[in-house]
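The lines below spell out each chain.
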Amino acid sequence: MTRSTSPKAGAYAALAALFLLGALVLELPELVVLAAPFLLVLVAGVALAREPDVSATVELARDRAVEGDEVEVVIRLEAPESVERIDVFLAVPRRLSAVGGNPVAVRLPGGRPRELRLTLRCARWGAALVGVLYLRAHDPLGLFRWEARLDRRTPLKVYPGAETVRTLLRPLETQVFTGNQVARQKGEGLEFADLRPFLPGDRIRGINWRASARRGSLWVNERHAERNGDVVLFLDTFAEARRGRAGTLDLAVRAAGGLAAGYLGHKDRVGFVSFGGVLNWLQPSTGTLQLYRIADSLLDTEIVLNYAWKGVDVLPRRTLPPQALVVALTPLLDARATTALLDLRARGFDLVVVDVSPLPYVEAGEGEVGELAHRLWRLQREAVRGRYERAGVPVASWDERAPLAAVVEEVRAFRRHASRARA
Amino acid sequence: MAAAGVAGVLVLALGLALGRAGAVGPAVTLVGAAYTAFLLAREEGATARVPLCAAILLLAAELAYWALEPARLRAERTLTVRRALVLALAASGSAALALLVLAASSAEARPGIVLELAGAAAAAGAVGIAVWLLWGRAQA
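What counts as what
Along each chain, residue indices are assigned from 1 in the same order as the chain's sequence is written. Written order decides the labels, with chains lettered from A and ligands numbered from 1. With the structure being a predicted model, the display of local features is reserved for residues of pLDDT at least 70 and the display and counting of side-chain atom pairs for 80 or more, all residues being used for whole-chain, interface and lining totals. Excluded from the side-chain calculations are hydrogens and water; all other atoms, namely the structure's heavy atoms, are used. As a per-residue measure, pLDDT tells how confident the predictor is, with possible values from 0 to 100. By definition, any uninterrupted DSSP run of H or I lasting at least four residues is a helix, any uninterrupted run of E lasting at least two residues is a strand, and each is numbered from the N terminus. If DSSP finds at least two bridges between two strands, the strands pair. Only the stretch in contact is used when a helix axis is fitted, and all axes are lines through C-alpha atoms; the angle between N-to-C directions ranges over 0 to 180 degrees. Pairing of aromatic rings covers Phe, Tyr and Trp, the last counted by its six-membered ring, and requires centre-to-centre distances within 6.5 Å; plane angles under 30 degrees mean stacked, over 60 mean edge-to-face, and any other angle means tilted. Partly exposed describes any residue whose relative accessible area lies between the buried limit of under 20% and the exposed limit of over 50%, with all areas from a 1.4 Å probe on protein chains only and scaled to the type maximum. Contacts are assigned to residue pairs with any non-hydrogen atoms lying within 4.5 Å of each other. Buried area, as used here, totals the accessible surface that two parts lose on assembly, with accessibility defined by a 1.4 Å probe and the loss added over both. For this analysis, a salt bridge means a side-chain nitrogen from Lys or Arg found within 4 Å of a carboxyl oxygen belonging to Asp or Glu. Each polar contact in these results corresponds to two N or O atoms within 3.5 Å; when the atoms are within protein, one needs to be able to donate a hydrogen and the other to accept it, and residues that are neighboring in sequence are counted only if both atoms are side-chain atoms. Residue classes follow a fixed rule: Ala, Val, Leu, Ile, Met, Phe, Trp, Tyr, Cys and Pro count as nonpolar, while Asp, Glu, Lys and Arg count as charged, and any other residue, Gly among them, counts as polar.

Novice: How would you sum up the confidence of the model for chain B? Please name residues and give values.
Specialist: Per-residue confidence for chain B gives a mean pLDDT of 80; residues scoring 70 or more make up 79%. When pLDDT is averaged over each helix and strand of chain B, the minimum, 67, is found for helix H5 (residues 113–139) of chain B and the maximum, 90, for helix H3 (residues 50–67) of chain B.

What follows is the structure, encoded as structure tokens:
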């Protein structure tokens, strides 16, 4: 521990010296009496001061939490000899906040461990290292202090609070594995598709007896197969709009978490692409393990400033399987992302764009010019949306005031409308 | 006299308001200077109260340093009680010591070079301790 002298020690020594000098110069013995208490404290303080030998550990009650949760931190302190007073401060990472006393001053009895419990609130999703501890021990009279910085960091993963999604967008095309999506193809399933004449080899239970009685020959029911789908969550991390603790990236991450959980719950294969300054991807897969993989990838998601032009060519081929539904979560702020998405559409992907609206986080500048610039920017965004719609891509705007289900419904309405238009 | 005392109180108030520990020393010095001026112009009988004043000066300085600790530093109750006890002990002990010093200074002693030298050495020693402590702080 590093020893230092408190301001009090210097001030008391200076006061005592001044009073003693004053007594000599002014020939006033009463000033010696004034100096005596300060000298007494100094002498006693020096005599009682012992360098403490404090050891500490930091333990988290759990290493995973969801945004908004509270996590308890246990700090264990131990010293062979009593420490009259020790100030303990746990450095709290940016994404977390301490509830209650931090820093805290306690007395540390010699030879007995002392436990301090501190509650941390997980204010924002992300990975954090908790456990940088600052200790400051004082002597009984507060003249000297010993300081130490202990690095006892342990990781804490704070997952984003996922948006609840009850209904999901169905991929236009399904894959070959069994799942919960009703496929266009006929096969073994529950949903009725059509009737056809009985053929040798057909199962008896497939016969539609009513239709057979009406038509005088055997007819069987055909059904839609139930297959899984491939869904790729495409997160645009080139830029974000942010005000205070809220921003478009937070919303997009929450939506991605909710959609991933929803699709994986329906036995679909889900992949993840974080497309931005730093490229990050996960190949589509199914199951709970994939959900954890996606959650961990979401924790690493951040906006990294980058001027390099990137297209979808930089993505590994298997990341975007053919006939996959690509759900893009983007604030439509960066031309690289918007162009890459149009490129995906041109390659035949079933693309849905969720426009995580930056409008609540952006205010018009002051004056007429600021207002005009804001209007132009909004028009530019509308033009980008128009480009997508002309390419047959549903674009749904979403902000934190609306549930994600509203977006799903908007895209469904677009698809219904587009189907009628095609018909 | 009164001006120095008022200035000391003002400096202390300002230091407490701004959270500057460096203001406590000058504030106590100013109050001490005012009291010195009072002692120089005193009438008979004022000397008996000097130990009390000395203890009060120390108590004021200690309480000021306590008040200057960060507000968000939460101290447990037992620690606060112990600290208050230590403070009371220091104040009463210093009053007793001051009384002792006062009694010693009132005793009949033959003035001479030896006593003068002892006094000068004590003063120089105190200055030395002050310089050493301040230098240690500057190094830290």
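Novice: Give me the lowdown on the sheet that holds strand E13 (residues 219–227) of chain A, citing residues and values where you can.
Specialist: Residues and elements named next belong to chain A. Here we have three strands laid out as an open sheet, ordered E11-E13-E12, and antiparallel in their pairing. The sheet terminates laterally at strand E11 (178–186) and strand E12 (192–197), the two strands that pair on one side only. Within this sheet the neighbouring strands show an average axis-to-axis angle of 40 degrees, counted without direction. The pairing of E12 with E13 spans five bridges and is classified as antiparallel. Within E13, the residue paired with Pro197 across the bridge is Trp219.

Novice: Lay out the sheet that holds strand E4 (residues 70–78) of chain A with the relevant residues and their values.
Specialist: Residues and elements named next belong to chain A. Taken in spatial order, the four strands of this open sheet run E2-E4-E8-E6, and their pairing is antiparallel. Two strands in the sheet have a free side with no partner beyond their single neighbour: strand E2 (55–60) and strand E6 (96–99). Averaged over all pairs of adjacent strands, the angle between strand axes in this sheet comes to 30 degrees, irrespective of strand direction. By the bridge criterion, four bridges tie E6 to strand E8 (residues 114–122) in an arrangement that is antiparallel. In the strand pairing of E8, Val99 is matched with Thr119.

Novice: Run through the packing of aromatic side chains, naming residues and quoting values.
Specialist: In this structure the tally under the stated criterion is seven aromatic pairs over all chains. Arranged with centres 5.2 Å apart and planes meeting at 40 degrees, the rings of Phe234 of chain A and Phe275 of chain A form a pair that is tilted. Within this pair, whereas Phe234 of chain A is found in strand E14 (residues 230–237), its partner Phe275 of chain A is found in strand E17 (residues 269–276), the two being separated by 41 residues in sequence. The interplanar angle of 85 degrees and the centroid separation of 5.4 Å between the aromatic rings of Phe238 of chain A and Phe275 of chain A together place this pair among those described as edge-to-face. Here Phe238 of chain A, found in the loop between E14 and strand E15 (242–243), pairs with Phe275 of chain A, found in strand E17; they are 37 residues apart in sequence, far enough to count as distant. What makes Phe238 of chain A buried here is its relative accessible area of 4%. Relative accessible area serves as the criterion here: at 0%, Phe275 of chain A is assigned to the buried category. Three or more aromatic residues joined by ring pairs make a cluster, and in this case those are Tyr12, Phe19 and Phe38 of chain A together with Tyr65 of chain B.

Novice: Go over the interface of chain A and chain B, please, and point to the residues and values.
Specialist: Interface size is often expressed as the accessible area that is lost when the parts come together. Each partner contributes residues to the interface: chain A has 50 residues there, and chain B has 52 residues. The three residues of chain A that bury the most area against chain B are Glu30, Val33 and Leu34 of chain A, which together make up 14% of that side's buried surface. Here chain A is connected to chain B by four salt bridges. With its nearest N and O atoms 2.6 Å apart, the salt bridge here joins Glu76 of chain B to Arg114 of chain A. On inspection of chain A and its partner chain B, the count reaches nine residue pairs in polar contact (both at pLDDT 80 or more). Within the residue set of the side of chain A that touches chain B, elements represented by two or more residues are strand E1 (2–5), helix H1 (7–26), helix H2 (30–48), strand E5 (83–91) and strand E7 (104–108) of chain A. For the side of chain A that touches chain B, the leading source of residues is H1 of chain A, giving 17 residues. Considered class by class, the residues forming the side of chain A that touches chain B number 36 nonpolar, six polar and eight charged.

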